[in-house]
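Summary of structural features
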Amino acid sequence: MRTFFQRHSKFRPRSSDEATGDSAIPEDMWVKCPKCGELIYSKELDHNDRVCPKCGHHFRLNARERIALLADEGSFVEWDAGIQPEDPLEFVDPKGAYAEKLASTQEKTGETESLISGLGRIEDRPVVIAVAEFAFMGASMGSVWGEKLARAIERAAHDGLPVLTVNASGGARMHEGLFSLMQMAKTVAAFDRLGRARLPHFSVLIDPCYGGVTASYATVADVILAEPGALIGFAGQRVIEQVTKQKLPPDFQTAEFLLDHGMIDLIVERALLRSTLATLIDHHAPAPVSFRPEDNGYDAAGAVELVDAGSGSAGDTSPEHVRHTAS
Amino acid sequence: MSTVDTISEETVNMPPVNLSPMDRVRLARDPQRPGTLDYIAELFSNFVELHGDRTFGDDGALIGGLATFRNRSVLVLGHQGGSNTRENLARNFGMPRPEGFRKARRLMCHAEKFRLPIIAFIDTSGADPGIGSEERGQGTAIAECLLQMVGLRVPIICVVIGEGGSGGALAISLGDRLLMLENAVYAVASPEACAAILWKDSSFASEAAETMRVTAADLQRFGIIDELIAEPVPAHEAPRETIGAVGQRIAAHLETLLDTFDISDPESVEALLRERYDKFRAIGAWHEG
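Residues numbered from 1 in each chain as written. Chains lettered and ligands numbered in written order. Predicted model: local features only at pLDDT ≥ 70, side-chain atom pairs only at ≥ 80, totals over all residues. Heavy atoms only, no water.

Considerations on the overall build of chain A
For clarity, the cut-off: Elements are defined by DSSP. Helices are runs of H or I of four residues or more, strands are runs of E of two residues or more, and each kind is numbered from the N terminus. Burial classification: accessible surface area is computed with a 1.4 Å probe over protein chains only, and a residue below 20% of its type maximum counts as buried, one above 50% as exposed, and the rest as partly exposed. In what follows, a contact means two residues having at least one pair of non-hydrogen atoms within 4.5 Å. Each accessible area value is a Shrake-Rupley result obtained with a 1.4 Å probe; residue values ignore everything except the protein chains displayed when judging cover.
When helices and strands are tallied, chain A shows 13 helices and 14 strands. When burial is assessed residue by residue, chain A has 55% of its 327 residues classed as buried. Of all intrachain contacts in chain A linking residues separated by at least 6 positions in sequence, the fraction that spans at least 24 positions is 68%. Approximately 14000 Å² of chain A is accessible, and the part contributed by carbon and sulfur atoms is 52%.

Here is the structure:
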């Protein structure tokens, strides 16, 4: 079992005492599994990729933890972290202005937006990665998400790389109105181009994934994976209950429910996600895998030539590369 | 393009009408407001409705068929609700289920095969939020529509004639032109839903409608729609005039598109697709640095 929280100590979730500066006995030494009720020693949970050792419940990971789980250590280079949201509607709700909400969320999460994108490697295979951050306004999709993802896809298309998206979302960002809705169009359009270049898009649906993300690029990927137990749907459960006045089936909108109804390709346990993605990348690589002498390598001449521009080492952040498709 | 620009200018310069965004939401939802079938009856001839998604069922909330528009065969798509309870039950209040989106996608492919332009009328409070719709992949059905439409090799003109409700509206609105009637609205969520989430009380829908910028004038200012079609008298009070004005603008845009792009020439179609891509690629409000 990989223990990525040990290897990537900087992504270890902060315990509450660290956050508050309180040096008393940490409250989160033990974590109660919300599914089976088991008390789990938090370090044991971390060692188990934050999956309950008793019942297999998958705890949520934040985006940085997810990247640490999936990408080879030190391989991820973030792109477009400087793209900042705006408030085109001058949106105001009872809690205040959207602009203020953005500032406080950025402060609280340490992220500029709800999607993190970049280039990484999965078991040595270069791949463009975009991961949703649920802690940032419920991973709602707004203009920054759309722009970051479109740029990432365009670079992948330019450099001949596969794209992996890890998708959680509470839906479109209401505070950006129709700009948010239109990001569905923008991201799907970019993926349409990627597909025409015969480059694959792998979508991993994680808990919870709803609304505009489910109704756009996340469900038209070439391969759709989901984590066990993840809730995935178009409309939220409360809305459906209110509108239909019906009781929802017990496993409604779970990954297992979607698999049963033919909506996703595969449910993959967290511990197997990395290796499954690596295999999938190989199956969609430009050169036939069976012709390669080495089993796990990704150095077939054609592939390297295709990916060269984007497959630099982790430290490769040359501006030419980063900007070459930005408009 | 000159006529298009002239009309747009006039529209922008019209004297302001004292209607709140929520007033326009109510006008857009008025049960007597002309719907897709009224536009088809008035503007098209030889309409042959095509039913079914060839997989599970037919959906009365999203209809489509072949018709003649100004001497040219086209595919018409549109949301259709009812004007009374019986019709509304038959058409699920204009809220499509996955079957509707899958039918729309099937018909889009049909139009592409036979090189027919598409005219789509947007008028829905949103996609159906039901158990069966989730079971049959509502999100996937919408997403597949989007993916099909954005790369479709024929010209597409979309008109928001009533309520443009979120993903269910977007699913058939990724065209080369997006036109919108002055009293139509287009929103990422209904004002009631937005108020229920952010105000914790759906009775604050007016406030939500205000701040969500759902009107045609707002969306024109943002560059999200291509043209606002003036509606000096609410459509349900002047249905023929409104439908006639919409027909004129569709005809003008269709003519421009067909003059600019030759559907039978692959290279010209690529240019059309590039233009469509750039149109959606450019939408967003962000800054860098």
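There is more to say, and it comes next.
Concerning the interface of chain A and chain B
Our working definition: Joining two parts hides part of their accessible area as seen by a 1.4 Å probe, and the buried area is that hidden amount summed over both. Whenever Lys or Arg places a side-chain nitrogen within 4 Å of a carboxyl oxygen from Asp or Glu, that contact is recorded as a salt bridge. Polar contact criterion, stated in full: a pair of N or O atoms within 3.5 Å, where within protein one must be able to donate a hydrogen and the other to accept it, and residues adjacent in sequence count only if both atoms are side-chain atoms. Each residue gets one of three labels, nonpolar for Ala, Val, Leu, Ile, Met, Phe, Trp, Tyr, Cys and Pro, charged for Asp, Glu, Lys and Arg, and polar for the others, Gly among them. Two strands form a pair only when DSSP identifies at least two bridges running between them.
On the chain B side, the residues contacting the 59 residues of chain A number 49 residues. Interface area, chain A with chain B, both sides summed: about 4900 Å², of which 69% is carbon and sulfur. Counting the surface chain A buries against chain B, the share from its top three residues, M174, L178 and F234 of chain A, is 14%. The residue R151 of chain A makes a salt bridge to E288 of chain B at a minimum N-O spacing of 2.9 Å. Across the chain A-chain B interface, the total number found is 19 residue pairs in polar contact (both at pLDDT 80 or more). The element contributing the most residues to the side of chain A that touches chain B is helix 7 (residues 177-196) of chain A, with 16 residues. When the residues that make up the side of chain A that touches chain B are grouped by side-chain class, the tally is 32 nonpolar, 15 polar and 12 charged. In terms of strand pairing, strand 4 (residues 83-85) of chain A meets strand 9 (residues 286-288) of chain B through three bridges, oriented antiparallel. Note on strand 9 of chain B: the bridge partner recorded for P85 of chain A is W286 of chain B.

Structural notes on the packing of aromatic side chains
To keep it simple, the criterion reads: Aromatic pairs are defined between Phe, Tyr and Trp rings, using the six-membered ring for Trp, whenever the two ring centres lie within 6.5 Å; interplanar angles under 30 degrees are classed as stacked, those over 60 as edge-to-face, and all others as tilted.
Counted by the stated rule, this structure contains seven aromatic pairs over all chains. Ring geometry for F252 of chain A and F257 of chain A: centres 5.2 Å apart, planes at 75°, overall edge-to-face. Residue F252 of chain A shares its accessibility class with F257 of chain A, and that shared class is buried. Here the aromatic residues Y39, F44, F69 and F121 of chain B are joined through ring pairs into a cluster of three or more.

What about the environment of G289 of chain B?
As for its position among the elements, G289 of chain B is in the segment after strand 9. The class of G289 of chain B is exposed, set by a relative accessible area of 83%. The residues contacting G289 of chain B, other than those within four sequence positions of it, are G82 and Q84 of chain A.

Remarks on the pattern of salt bridges
According to the stated counting rule, one finds 36 salt bridges over all chains in the structure shown. The shortest N-O distance in the salt bridge between R151 of chain A and D80 of chain A comes to 3.1 Å. Linking R151 of chain A in helix 6 (residues 143-159) with D80 of chain A in the loop between strand 3 (77-79) and strand 4, this pair joins segments that are 71 residues apart in sequence. According to the relative accessible area criterion, R151 of chain A is buried, its value standing at 3%. For D80 of chain A, a relative accessible area of 8% gives the class buried. R33 of chain B is paired through a salt bridge with E231 of chain B; the nearest N and O atoms lie 2.9 Å apart. Of this pair, R33 of chain B sits in the loop between helix 2 (21-29) and helix 3 (36-43) while E231 of chain B sits in the loop between strand 8 (227-229) and helix 12 (239-260); the two residues are 198 residues apart in sequence, bridging distant segments of the chain. Each of the two residues, R33 of chain B as well as E231 of chain B, counts as buried.

Digging into the packing of helix 6 of chain A against helix 7 of chain A
Each pair of packed helices gets described by two things: the angle between the helix axes and the distance between those axes. All names here are of chain A. We count it as follows: Fitted lines through C-alpha atoms serve as axes, helices being fitted only where they are in contact, and the angles separating the N-to-C directions of these axes extend from 0 to 180 degrees. In what follows, roughly perpendicular refers to angles from 65 to 115 degrees, roughly parallel to angles under 35, roughly antiparallel to angles over 145, and oblique to any angle outside these ranges.
Closest axis-to-axis distance for the helix 6/helix 7 pair is 9 Å, and the angle between their directions is 5°. The orientation of helix 6 relative to helix 7 falls into the category roughly parallel. Across the interface between the two elements, S143, G146, E147, L149, A150, I153, A156 and A157 of helix 6 pack against F179, Q183, K186, T187, A190, F191 and L194 of helix 7. Taken together, the residues of the contact of helix 6 with helix 7 sort by class into nine nonpolar, four polar and two charged.

Some details on the confidence of the model for chain A
What counts, and what does not: Scored between 0 and 100, pLDDT is the confidence that the predictor attaches to each residue.
Per-residue confidence for chain A gives a mean pLDDT of 86; residues scoring 70 or more make up 79%. Segment residues 1-23 of chain A is flagged for pLDDT under 50; beyond a separation of four residues in sequence, or across chains, it makes 44 contacts in the model.

Let's talk about the environment of L272 of chain B
Residue and element names in this part refer to chain B. Checked against the element boundaries, L272 lands in helix 13 (residues 266-281). C-alpha of L272 to C-alpha of P155: the two residues are 117 residues apart in sequence and 7.6 Å apart in space. For L272, the contacting residues outside a window of four places in its chain are V154, P155, D176, L257 and F261.

A word on the pairing of strand 4 (residues 118-124) of chain B
Residue and element names in this part refer to chain B. Burial of strand 4 is extensive: seven of the seven residues sit out of reach of the surface. Residue alternation in strand 4 divides its side chains into two sets, I118, A120, I122 and T124 and I119, F121 and D123, and both sets are buried. As paired elements, strand 3 (residues 72-79) and strand 4 share four bridges and run parallel to each other. In the strand pairing of strand 4, L75 is matched with I118.

Section: the environment of N92 of chain B
Residue and element names in this part refer to chain B. Turning to its location among the elements, N92 is positioned in the loop between helix 4 (85-90) and helix 5 (98-113). Under the relative-accessibility criterion, N92 is labelled buried at 11%. Separated by 36 residues in sequence, N92 and D128 have C-alpha atoms that sit 7.9 Å apart. Ignoring any residue separated from it by four or fewer positions in sequence, one finds N92 in contact with R97 and D128. A polar contact of 2.8 Å, which involves the side chain of N92, links it to the backbone oxygen of M95.

A few points about unusual backbone geometry
In this structure, the amide linkage connecting D207 of chain A to the following residue, P208 of chain A, adopts the cis form with an omega of -15°. With respect to the helices, strands and loops of the structure, P208 of chain A is situated in strand 12 (residues 201-209). Despite not being glycine, E123 of chain A shows a phi value in the positive range, around 45°. Structurally, the position occupied by E123 of chain A is in the loop between strand 7 (115-122) and strand 8 (125-132). A relative accessible area of 32% places E123 of chain A in the partly exposed class. Look at R213 of chain B: it is not a glycine, yet its phi comes out positive at around 55°. Within the secondary structure, R213 of chain B sits in the loop between helix 10 (205-212) and helix 11 (216-221). Residue class for R213 of chain B comes out buried when judged on its relative accessible area of 19%.

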